[in-house]
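A look at the structure
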Amino acid sequence: MPWTDSQSWPSSLMGPTPLAIGVAILLVLSVPLFLHLVIYRSTSSTTLPSFLLVGPSGAGKTALLTLFERGQHVETRTSQVPISVEVSLPVSTNAASLKYRSVNDPSNQVHKKFLLADTPGHGKLRHYAFDGVIKPQNLKGIIFMVDAADISMGNSGSGNEALRQAAEYLHDILLLLQKRSTSSKTSKAPKELPILIAANKLDLFTALPAPLVRTALESEISNVRSSKTKGLLDSGIGMNDLDIGEEKEWLGDGGDGKFEFSQMDEVNVAVSVAGGNVLGADGQDVKQWWDWIASNL
């Protein structure tokens, strides 16, 4: 029947006609999909999870960054400014967020992306790393890289000096993370923020194995903490005069006794130590570091 003035095509769409039913089905299926794609694509570039790469100069941070980004080693220079790159998790390494998906789920075949931010290790430039801890952007974890050969506990002064510098830097990072919890204005504990101590250059004969790297750093951090406590007391402040703000300057259990990384569990900071090497005669060995990143994605 031809349309009259009182019967237009909008009224036809509103009626129980095949055309109206088809349009309704198309809208029901397409609108949610369209909104999902628009919202997901508009936010994915700004909400990628990130990992902060810190540690002393010469530990191999920039070399690790380029290896993770490009899949192969390239010559690097000591970084003077922070560098942030987008990295894809190897398909063979599954992110923790995908562990409950079916093995046949297509999502498992997609590279999980994250940002890796490298920071300069020089003492005068470490404020970049501290800013990354204080003002995290979707931060999932911190990788503290050390040269396992350079911090050897031998009798050489250079080795002990490297250990001291690494321990002081790590002490300051851990103290910032502790303050994140103790300075919270709410009763709710801050979200857990794990830290990986990546013991690099384990392919070298003089390198300490990962468990000894852990022991060496814990022992030296104990010395750093004692030195800072002694300096505070030498300033004329008695033990009974310490206020809350000053207590926060003591890492771990009140600054007494031996420091252990397990003490950081109380402030929701899980510390792990894993060895590997970016370079080596037999190639790189970074699987444990990939696995740690994947477990926190």
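Details of the structure are given in the entry above.
Okay, so let's go over this structure. Just so we're clear, the structure is a prediction, and the values are computed from it rather than from any experiment.

This brings us to the sheet that holds strand β3 (residues 113-118). In space, the six strands of this open sheet follow the order β2-β3-β1-β4-β5-β6, with mixed pairing throughout. Two strands close off the open sheet at either side, each with one partner strand: β2 (83-88) and β6 (271-275). Going across the sheet, the axis of each strand differs from the next one's by a mean of 25°, ignoring polarity. Two elements, strand β4 (residues 139-147) and strand β5 (residues 195-200), share six bridges in a ladder whose sense is parallel. Residue pairing for β5: Ile143 is matched across the bridge by Leu196. Sitting on the sheet, helix α8 (residues 287-295) touches β1 (50-54), β2, β3, β4, β5 and β6, and the angle it makes with β5 is about 170°.

Let's shift gears to the pairing of β5. With six of six residues buried, β5 is to be regarded as a mostly interior element. Burial of β5 is two-sided: the residues Ile195, Ile197 and Ala199 facing one way and the residues Leu196, Ala198 and Asn200 facing the other way are all buried. Sheet topology note: the β5/β6 ladder contains five bridges and is parallel. Paired with Ile195 across the two strands is Val271, which belongs to β6.

In total, this model carries eight salt bridges according to the counting rule given. Across the salt bridge formed by Glu161 and Arg164, the nearest N and O atoms sit 2.4 Å from each other. Placement of both Glu161 and Arg164 in helix α5 (residues 157-182) is noted, with a separation of three residues, approximately one turn of the helix. We classify Arg164 as partly exposed; its relative accessible area is 30%. Residues Glu168 and Arg164 are paired through a salt bridge, measuring 2.7 Å at the closest nitrogen-oxygen approach. Here Glu168 pairs with Arg164, and both are found in helix α5, just four residues apart, close to one helical turn. Accessibility expressed as a relative area gives 32% for Glu168, which makes it partly exposed. Residues participating in the shared-partner salt-bridge network are Glu161, Arg164 and Glu168.

The rules we used
- Residues numbered from 1 in each chain as written.
- Predicted model: local features only at pLDDT ≥ 70, side-chain atom pairs only at ≥ 80, totals over all residues.
- Heavy atoms only, no water.
- Pairing = 2+ DSSP bridges.
- Helix = DSSP H or I, 4+ residues; strand = E, 2+ residues; numbered from the N terminus.
- Axes fitted to C-alpha atoms, helices over the stretch in contact; angles between N-to-C directions.
- Contact = heavy atoms within 4.5 Å.
- Buried < 20%, exposed > 50% of the residue type's maximum accessible area, 1.4 Å probe, protein only.
- Salt bridge = Lys/Arg side-chain N within 4 Å of Asp/Glu carboxyl O.

All we've got here are geometric facts, nothing functional implied.
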